[in-house]
Amino acid sequence: MTTSLGEVLDTRRTAEFHKAARALLKEPLLLARGPSADAYRLVRRYAAELRDWFDRNTGWSLRVDAESARLRRTPGTLADATHPAREASRAGVPFTRRRYVLLCLALAALERGEAQIALGRLAEQVVLDAADPHLAAVGVEFTLERRDERLDLAAVVRLLLRYGVLRRVAGDEDAYVSGAGDVLYDVERRVLAGLLAARHGPSLIDAVGFEERLGALTAESALDSDELRFRAIRQKLSRRLLDDPVLYYDELTDDELVYLTRQRAFLTARVSELTGLLPEARAEGIAMVDPRDDLTDVRMPEQGTHGHVTLLLAEHLAAADGEVSRTELELRVRELAAAHGAFWSKSAKQPGAEGELVEQALARLSALGLVKRTRAGVTPLPALARYAVGETVVESSSRPQRKAPRP
């Protein structure tokens, strides 16, 4: 059968549209220059269609200008703590509380500043703002006199360099940390202005507690009709299908579950239309599976010692009947080290290493929606059953996969 030119063009257009959408979901802030330039150009080509899809189905706004493309993503749930900001390095260490505070203070200083700024000058502004009595009252203070504090500020700046908020003109952050020099940056004000993804300005929030403030930042407008309420539910479910490795039915409200039960085929078809992901529906929930295995920031299994330990612990937890304590998991790792240590790194076999190995494994399994942390340990979730020993091996493309992070 001969394929018509029109069919070939339609297929190509669909593939490009999927590629543009995936680029935004993996990196919601794409710059017109640098490594993301090709993805930016593709997003700009399909900006109208993408903007319409995200607005209708998720409530996320898409802004594309001559410098960047910014998808303002807000999460479907505020209970997921597995999307931290990370160091812009190979290690990708998650940000600490102090680094988050420094990030906010640095952004505030840059917003008030000029088109260029030196790192030393930025540090001075951060120190002045950190003297706020409200920060002192909750035990937060910065002098940036200690090396670890300067390292934290350098990590914040490197994250802003990665996002394109800053552009290095001269100097190096390592020199600043060691006290041997300074760094000069251009401030990309349009990128800076689009960085915050919130429905309400933080300065307008009156709530006091963290959870209350977070909820107020992302709160929807008053939903005073059935149509608006149904739209809000549809958008929330679509966000979770795009973001979460598995959408479990028991995590939904009664209204959300009723809507999903009735509209499951429609919702999953719309997500597939955007991304090419395929729905896998089970008794416990839905996973949008990626045949290409690239729309994720956490994979299972991974190579190396930590990947091997994680897979072995997943098999152990899949066979467990209910909650498992950290002590039991660390004991299991010591047993595994005796059996598999020849394939592990030297540091992983050292006495006491089991604590870190268990923590890294649980962080990965939790991010993938395979386990739930508890005070006493961890509880296996239904999707973990595919890793049980003795089950048919499942290809990696059909395993739960978490979607990309949200800056």
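Below you will find a few notes about this structure. None of these values were measured; they are calculated from a predicted model.

Thresholds, definitions, all that
Sequence order sets the numbering: in each chain, residues are counted from 1 along the sequence as written. Selection of residues for local features in this predicted model requires a pLDDT of at least 70, selection of side-chain atom pairs for listing and counting requires 80 or more, and totals for whole chains, interfaces and linings are taken over all residues. Where side-chain values are given, they derive from all heavy atoms of the structure, hydrogens and water being excluded. Helix numbering and strand numbering both begin at the N terminus, where a helix is a DSSP run of H or I of at least 4 residues and a strand a DSSP run of E of at least 2. For a compact globule the rule gives 2.2 Å times the number of residues to the power 0.38, and the radius of gyration it is set against comes from C-alpha atoms. Each residue is assigned to one of three classes by its accessible area relative to the maximum for its type, calculated with a 1.4 Å probe on protein chains only: buried under 20%, partly exposed between the two thresholds, exposed over 50%. For this analysis, residues touch if any pair of their heavy atoms sits within 4.5 Å. Working definition of accessibility: Shrake-Rupley area with a 1.4 Å probe, residue cover restricted to the visible protein chains. We score Asp and Glu as negative and Lys and Arg as positive, and we do not count His or the chain ends. Charge positions are represented by NZ for Lys, CZ for Arg, CG for Asp and CD for Glu. Here a strand pair is declared whenever DSSP counts at least two bridges between the two strands. What counts as an axis is a line fitted to C-alpha atoms, over the stretch in contact for a helix, and the angles between N-to-C directions run from 0 to 180 degrees. The pocket and cavity definitions rest on a 1 Å grid over protein atoms only: a 1.4 Å probe that fits but cannot leave marks a cavity, an open set with protein on both sides within 12 Å along at least five of seven lines marks a pocket, and residues lining either have an atom within 4 Å of a point. Grid points are joined across faces, edges and corners, and a volume is the space filled by probe spheres set on the points. Residues were grouped as follows: Ala, Val, Leu, Ile, Met, Phe, Trp, Tyr, Cys and Pro as nonpolar; Asp, Glu, Lys and Arg as charged; and all remaining residues, including Gly, as polar. Here a polar contact is taken to be a pair of N or O atoms separated by no more than 3.5 Å, where protein atoms must pair a possible hydrogen donor with a possible acceptor and residues adjacent in sequence count only if both atoms sit in side chains.

### A closer look at the overall build of the protein chain
Within the protein chain, the regular secondary structure consists of 15 helices and twelve strands. Relative to its length of 407 residues, the protein chain is compact, with a C-alpha radius of gyration of 23 Å against a globular reference of 22 Å. Seen through its C-alpha atoms, the protein chain measures out along the principal axes to roughly 60 × 60 × 50 Å. Across the 407 residues that make up the protein chain, the buried fraction comes to 42%. Sequence-distant contacts, at least 24 apart, represent 63% of the contacts inside the protein chain between residues at least 6 apart. As displayed, the protein chain has an accessible area near 21400 Å², and 52% of this comes from carbon and sulfur atoms. Counting 59 positive and 61 negative side-chain charges, the protein chain places the averaged centre of each group 3 Å from the other.

### A look at the sheet that holds strand β8 (residues 278-281)
Ordered in space as β7-β9-β8, the three strands form an open sheet in which the pairing is antiparallel. Two strands bound the open sheet, and with one partner strand each, they are β7 (247-248) and β8. As judged from the four bridges shared by β8 and strand β9 (residues 285-289), these two strands associate in the antiparallel manner. Each bridged residue has a counterpart across the sheet, and for Pro279 the counterpart in β9 is Met288. Docked against the sheet, helix α12 (residues 254-275) engages β7, β8 and β9, running at close to 10° with respect to β9.

### Some remarks on the layout of surface pockets
In this structure, the second largest pocket encloses a volume near 660 Å³. Surrounding the second largest pocket, 25 residues form its lining, Ala79, Asp80, Arg240, Glu251 and Lys372 being those nearest its centre. Listing elements by their share of the lining of the second largest pocket, those giving two or more residues are α11 (226-243), α15 (354-367) and β11 (371-373). Among the residues forming the lining of the second largest pocket, the class breakdown is eight nonpolar, six polar and eleven charged.

### Let's talk about the side chain of Arg73
Tracing the backbone shows Arg73 in the loop between β3 (68-72) and α4 (97-112). Exposure remark for Arg73: the relative accessible area of 5% places this residue in the buried category. In this structure the side chain of Arg73 is engaged in a polar contact, spanning 2.6 Å, whose partner is the backbone oxygen of Leu25. Of the polar contacts made by the side chain of Arg73, one reaches the side chain of Asp243; its length is 2.2 Å.

### Observations regarding the sheet that holds strand β10 (residues 324-325)
Read across the sheet, three strands follow the order β10-β12-β11 without closing on themselves; strand pairing throughout is antiparallel. In this open sheet, the two edge strands, each paired with only one partner strand, are β10 and β11.

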